[in-house]
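Chain by chain, the residues run as shown.
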Amino acid sequence: MSVIAADRKPASDREPVRDRRLTRVAAGSDRRFAAISHALLILWSVIVIVPMLWVLMSSFKSTGEILSSPFSLPDHWRIENYANAWTDANIGRYFLNSVIVVVSALILVMLLGAMCAYILARFEFPGRRLIYYVMLAGLTFPVFLAIVPLFFQLQNFGLLNTRPGLILTYVAFALPFTMFFLYAFFRSLPHDVYEAALIDGAGDWRAFFQVMLPMARPGMAAVAIFNFLGLWNQFLLPVALNTDQDMWVLTQGMAAYASSQVYDIDYGALFAAIVITVVPVLIVYCVFQRRIAGSVSQGTFR
């Protein structure tokens, strides 16, 4: 018995061994998880990047080259495809209409959404909770259910088939998401800074625009990117509310150009038009992508 007792190690000596074993198991599990995650990310990157590169390469090829050898490099880089898409397909005019409509709507929705989120997050007043949940309910409202009422409403105000009518419609549908996203940012800002601004003589408007709004800049940048992507790719609203061809946006122009030529379509110019449509989105995202990291917060009511 004394020999057996002597061979046994104390519990304090066995615990480091068990801790090291658990550490090795956890490290191995982390490595396997990291390997699987990286493999999935690489696969997803290939799925996304390869079609984009193929469209870019095809935009410099003729229709015959695209149909005969779709995956080979072009024998002659046809820069004129972009000129044909810009002029013959009127992509230039549709691009200008999209820029005017989306930029105007983005400025309005960011301003109104920031003011609405700031008031609901920082001030107590009767009906505050009701307004918040009503705005939140706007996120659940399907767009296609509002097409017919919107059509007659814009027609009654004389805004049908006009840029201002489309801008106001974009603002109305993007406002609930903007308010919901920015609510958490204004809710988390320190109240002492606001009080210090008031003590220094700033009014409510100056405290908002010069103190509180700059502090919410990461959230503003992130929600601006999301709104830009959604508004730039909007298709249903322009098709239903903007039937004047002179006022078409890029999504309408692309759909019309793809269906107008039927069997005699110029695929090189079509791919060039796609590149022209996608490039602004990529530029905006690449410039502001750092703002998205760490900016997505849940806008819960407190």
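First, a word on what this report is: a plain description of the structure on this page. Residue positions are given per chain, counted from 1 along the sequence in the order it is written. With pLDDT at 70 or above as the cut-off, local features in this predicted model cover only qualifying residues; side-chain atom pairs require 80 or more to be listed or tallied, and sums for whole chains, interfaces and linings still use all residues. Processing note: side-chain calculations cover all non-hydrogen atoms of the structure and skip hydrogens and water entirely.

As for the nonpolar core
Here is step 1 of the chain: The biggest cluster of nonpolar side chains holds 69 residues, and the ones touching the most others in it are Ile-91, Val-109, Ala-114, Tyr-170, Leu-182 and Phe-186.
Here is step 2 of the chain: The way it works is that DSSP assigns letters per residue, a run of H or I at least four long becomes a helix, a run of E at least two long becomes a strand, and they are numbered from the N terminus. Here this core takes 13 residues from helix H5 (residues 91-122), the largest share from any one element.
Here is step 3 of the chain: For Phe-186, the residues in contact, after removing those within four places along its chain, are Ala-114, Ala-117, Tyr-118, Ala-121, Arg-122, Phe-208, Met-212, Leu-213 and Ala-216. Buried residues of nine kinds, namely Ala, Val, Leu, Ile, Met, Phe, Trp, Tyr and Cys, make up a nonpolar core once their side-chain atoms join them within 4.5 Å. Exposed residues in this analysis have more than 50% of their type's maximum accessible area, buried residues have under 20%, and partly exposed residues fall in between, with area computed by a 1.4 Å probe over protein chains only. Any two residues whose heavy atoms approach within 4.5 Å are treated as being in contact.

Considering helix H6 (residues 128-137)
Here is step 1 of the chain: Inspection of H6 places Arg-128, Tyr-132 and Met-135 among the buried residues, and these make up the whole buried set. Projected onto a plane normal to the axis of H6, the buried residues spread over an arc of 70 degrees and lie on a single side. Those residues of H6 that are exposed and angled more than 90 degrees off the buried face are Leu-130 and Val-134.
Here is step 2 of the chain: Packing partners of the buried residues in H6 comprise H5 and helix H8 (163-188). Relevant arc is that of directions from the helix axis to the C-beta atoms, nothing else.

Observations concerning the pattern of salt bridges
Here is step 1 of the chain: In the sections that follow, a salt bridge refers to a side-chain nitrogen of Lys or Arg positioned within 4 Å of a carboxyl oxygen of Asp or Glu. The final tally for this structure, using the stated rule, is three salt bridges.
Here is step 2 of the chain: Where Arg-78 meets Glu-80, a salt bridge forms, and the shortest distance between an N and an O atom there is 3.8 Å.
Here is step 3 of the chain: You can call Arg-78 partly exposed: its relative accessible area is 27%.
Here is step 4 of the chain: Given the relative accessible area of 34%, Glu-80 is considered partly exposed.
Here is step 5 of the chain: The residue Glu-124 makes a salt bridge to Arg-128 at a minimum N-O spacing of 3.2 Å.
Here is step 6 of the chain: Among the residues examined, Arg-128 registers a relative accessible area of 5% and is labelled buried.

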